[in-house]
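# Chains, contacts and geometry: an overview
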Amino acid sequence: GQQLNQSPQSMFIQEGEDVSMNCTSSSIFNTWLWYKQDPGEGPVLLIALYKAGELTSNGRLTAQFGITRKDSFLNISASIPSDVGIYFCAGQFQGAQKLVFGQGTRLTINP
Amino acid sequence: DSGVTQTPKHLITATGQRVTLRCSPRSGDLSVYWYQQSLDQGLQFLIQYYNGEERAKGNILERFSAQQFPDLHSELNLSSLELGDSALYFCASSVGLGELFFGEGSRLTVL
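Heads up: these notes are all about the structure in this document. (Residues numbered from 1 in each chain as written. Chains lettered and ligands numbered in written order. Predicted model: local features only at pLDDT ≥ 70, side-chain atom pairs only at ≥ 80, totals over all residues. Heavy atoms only, no water.)

### Some remarks on unusual backbone geometry
- Note that the residue after S7 of chain A, namely P8 of chain A, is joined by a cis bond; omega there is -5 degrees.
- With respect to the helices and strands, P8 of chain A occurs in the loop between β1 (4-7) and β2 (10-14).
- Following T7 of chain B, the chain continues to P8 of chain B via a peptide bond in cis, the omega torsion being -10 degrees.
- For P8 of chain B, the location among the structural elements is in the loop between β1 (5-7) and β2 (10-13).
- The phi dihedral of R69 of chain A falls on the positive side, at around 70 degrees, and the residue is not glycine.
- Looking at where R69 of chain A falls in the secondary structure, it is placed in the loop between β7 (61-65) and β8 (71-76). (Helix = DSSP H or I, 4+ residues; strand = E, 2+ residues; numbered from the N terminus.)

Right, dumping it as structure tokens:
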């Protein structure tokens, strides 16, 4: 069953605004990853986090691996129209290769 | 382009039928994963193969089966199809622990 709680489920923002979304779990993960999915496409990896407390940036995106290893957040600064899509967090248990996915955050941007 | 190739991209079939989805992983990746994504849902893990052997199993129905061949490509077989099997089926590959790279998916419609 689903083990990751991702919020918010959807966001409606104005172009240029900053965005923040997060994932929490009752389980400890060894790795956190953030993916973006465009309609009809496969998820594309945005950021991977491997250490508790790690803060990693990829352009306007910043993600952090929570100290407790049970949460992660993703921030997008100065949003642009191409940021529209569904963002998924994913966690990987120690020793396991499969990913457990959150339910996704659907981002809509008003120009 | 993630380097993961899935065919077919679209498939329409009738209830009770059987279909086969094919996946070629990224060059050098030994692990192949299959995920199912129903309409507006997250990604549900089905099964993982590593170098030809089943490594992990998720919520895969008994009507579904998969295999990974010596050349590392994988096939997901779906039989006795039901309306509820309509979904996007994604294949992903990885070298080992950490990042999974997803294909563009096969959209299955069961009528």
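### Some remarks on the sheet that holds strand β6 (residues 55-58) of chain A
Residue and element names in this part refer to chain A.
- With antiparallel pairing, the five strands of this open sheet are ordered in space as β1-β3-β8-β7-β6. Of all the strands in the sheet, just β1 and β6 have a single pairing partner and so form its edges. For this sheet, the mean angle separating the axes of adjacent strands, direction not counted, is 15 degrees.
- Here β7 runs beside β8; their pairing, made up of five bridges, is antiparallel. (Pairing = 2+ DSSP bridges. Axes fitted to C-alpha atoms, helices over the stretch in contact; angles between N-to-C directions.)

### Topic: the pairing of strand β4 (residues 31-37) of chain A
Residue and element names in this part refer to chain A.
- Taken across its seven residues, β4 has seven buried, putting it largely inside the fold.
- Alternating residues of β4 divide into T31, L33, Y35 and Q37 and W32, W34 and K36, and every residue in both groups is buried.
- Pairing of β4 with strand β9 (residues 85-92), which is carried by seven bridges, proceeds in the antiparallel orientation. Along β9, the bridge assignment pairs K36 with Y87.
- Relative to strand β5 (residues 44-49), β4 is paired through five bridges, and the arrangement is antiparallel. From the neighbouring strand, K36 faces β5, where its bridge partner is V44. (Buried < 20%, exposed > 50% of the residue type's maximum accessible area, 1.4 Å probe, protein only.)

### Brief notes about the interface of chain B and chain A
- Listed by partner, the interface residues are 25 residues for chain B and 23 residues for chain A.
- Carbon and sulfur atoms make up 51% of the area that chain B and chain A hide from each other, which totals about 1,800 Å².
- Connecting chain B to chain A are zero salt bridges.
- At the junction of chain B and chain A, the tally comes to six residue pairs in polar contact (both at pLDDT 80 or more).
- Counting only elements with at least two residues in the side of chain B that touches chain A, the list comes to β4 (31-37), β5 (44-50) and β10 (101-102) of chain B.
- Here the residues of the side of chain B that touches chain A are counted per class, giving ten nonpolar, ten polar and five charged. (Contact = heavy atoms within 4.5 Å. Buried area = accessible area lost by both parts, 1.4 Å probe. Salt bridge = Lys/Arg side-chain N within 4 Å of Asp/Glu carboxyl O. Polar contact = N/O pair within 3.5 Å; in protein donor to acceptor, adjacent residues only side chain to side chain. Nonpolar A, V, L, I, M, F, W, Y, C, P; charged D, E, K, R; others polar.)

### Here's the deal with the pattern of salt bridges
Residues and elements named next belong to chain B.
- Under the defined criterion, the tally for this structure stands at six salt bridges over all chains.
- Note that D85 and R63 form a salt bridge whose closest N and O atoms lie 2.8 Å from each other. Here D85, found in the loop between β8 (74-78) and β9 (87-94), pairs with R63, found in the loop between β6 (53-57) and β7 (64-68); they are 22 residues apart in sequence, far enough to count as distant.
- For D85, a relative accessible area of 3% gives the class buried.
- Several salt bridges share partner residues, and in doing so they unite R63, E82 and D85 into one network.

### Some points on the side chain of S27 of chain A
- Note on placement: S27 of chain A falls in the loop between β3 (19-25) and β4.
- When residues no more than four places from it in sequence are discounted, the contact partners of S27 of chain A are Q3, R69, K70 and F93 of chain A.

### Some thoughts on the sheet that holds β7 of chain B
Residue and element names in this part refer to chain B.
- The four strands lie next to each other as β1-β3-β8-β7, forming an open sheet whose pairing is antiparallel. Each edge of the open sheet carries a strand with a single partner, namely β1 and β7. Geometrically, the sheet is characterised by an average inter-axis angle of 15 degrees between neighbouring strands, direction not taken into account.
- Bridge analysis of β1 against strand β3 (residues 19-24) gives three bridges, and the strand direction is antiparallel. Paired with T7 across the bridge in β3 is R22.

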